[in-house]
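So the chains spell out like this:
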Amino acid sequence: MANNQSSELPLLSASGLCKSFGGIQAVDNAEIQVEKGTITGLIGPNGAGKTTLFNLLSSFIRPDKGRVVFDGEQIQQLQPHQIAQQGLVRTFQVARALSRLSVLENMLLAAQKQTGENFWQVQLQPHVVVKEEKELKEQAMFLLESVGLAKKAQDYAGGLSGGQRKLLEMGRALMTNPKLILLDEPAAGVNPKLIDDICDRINAWNKNGMTFLIIEHNMDVIMSLCDRVWVLAEGKNLANGTPNDIQNNRQVLEAYLGQ
Ligand SMILES: Nc1ncnc2c1ncn2[C@@H]1O[C@H](COP(=O)(O)OP(=O)(O)OP(=O)(O)O)[C@@H](O)[C@H]1O
Ligand SMILES: [Mg+2]
């Protein structure tokens, strides 16, 4: 757990967010703040609107109302790839690795600003492209090492276990050199031994300065990792505080028991 640098502006701050799907108010005037250098948790019963909130924060869907400020700039009008370029990336509740590509290829695809993608650069400066590809590969291998998948680099991503796919998602997010990573249920469907491993890796990256916002149903994960926890229920903010505050909050307990 890194120190909470509360004197600074939050790295991410969203307020007044609303999103309805037909008759369902999935997110209802919600707010959230993520301080730089922290691991922040987002919890709530099934259907509380957590993933929808992630989708709004990362512009995968547009809010009906509300605003999102990331690193001092309003971002709710931007496209997801523009937000990723500014340093906010997210992983998905169901991991989205491309099964027929190798683990390494999945990592390389996630990298941004690849010179190789620019037609003219390829024609005019092929040596630069070759050098950048080599550097990207080195970065990918370094990150695969750090998420524990280096030995699987040449394997098809389709052959990975659920937990390994979650780790690959984390690796892919890290390939973009982000400032903030949103993780949607990193421990779901993962065997208990690998969950500890995933937590250790999140902690290690946090110690290196990475900020995380994590949705998770596994309370051990939330309690052991998070500096602060936000609770959603029926699309609304129910509480926020330290893991200890939240664990002892009667309204939070009732929201979970009532599901
Ligand atoms: N694309 C959509 N179209 C219609 N309804 C949706 C859509 N996405 C989410 N919902 C509804 O919005 C509500 C919030 O869903 P959301 O997936 O955000 O919850 P969640 O807190 O992530 O739940 P879980 O813990 O089960 O993942 C639910 O009632 C869900 O059925
Ligand atoms: Mg969800």
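Residues numbered from 1 in each chain as written. Chains lettered and ligands numbered in written order. Predicted model: local features only at pLDDT ≥ 70, side-chain atom pairs only at ≥ 80, totals over all residues.

- The name recorded for the chain in an unreviewed UniProt entry is ABC transporter ATP-binding protein, from Cyanomargarita calcarea GSE-NOS-MK-12-04C.

**Some remarks on the site of ligand 1**
Then comes step 1: As a structural note, the neighbourhood of ligand 1 is formed by twelve residues, with F21, A26, K50, T51 and T52 the closest of them.
Then comes step 2: Among the secondary structure elements, those contributing two or more residues to the shell around ligand 1 are strand 2 (24-34) and helix 1 (50-57).
Then comes step 3: If you tally residues by element for the shell around ligand 1, the top one is helix 1, at three residues.
Then comes step 4: Along the lines of polarity and charge, the residues of the shell around ligand 1 split into four nonpolar, seven polar and one charged. (Near = placed C-beta within 6 Å. Helix = DSSP H or I, 4+ residues; strand = E, 2+ residues; numbered from the N terminus. Nonpolar A, V, L, I, M, F, W, Y, C, P; charged D, E, K, R; others polar.)

**Some thoughts on the pairing of strand 1 (residues 12-21)**
Then comes step 1: Summarising the sheet, strand 1 and strand 2 pair through eight bridges and their orientation is antiparallel. Bridging from a neighbouring strand, S20 pairs with Q25 of strand 2.
Then comes step 2: Where strand 1 folds back onto strand 2 in an antiparallel hairpin, the turn is made up of two residues, including G22, whose phi is positive at roughly 55°.
Then comes step 3: Note: strand 1 against strand 4 (residues 65-70), five bridges, orientation antiparallel. Bridge pairing in strand 4 places L12 opposite F70. (Pairing = 2+ DSSP bridges.)

**Observations concerning the nonpolar core**
Then comes step 1: Residues L42 and L53 are the most contacted members of the largest nonpolar core, which totals 68 residues.
Then comes step 2: Formed jointly, this core draws a minimum of three residues from each of two domains, domain 1 (12-96 + 176-257) and domain 2 (98-159).
Then comes step 3: When neighbours within four sequence positions are excluded, L53 is seen to be in contact with L17, V27, A30, I32, L42 and L232. (Core = buried A, V, L, I, M, F, W, Y, C linked by C-beta atoms within 7 Å. Buried ≥ 20, exposed ≤ 12 C-beta atoms within 10 Å, placed from the backbone. Domains from an automatic or database assignment. Contact = placed C-beta atoms within 7 Å.)

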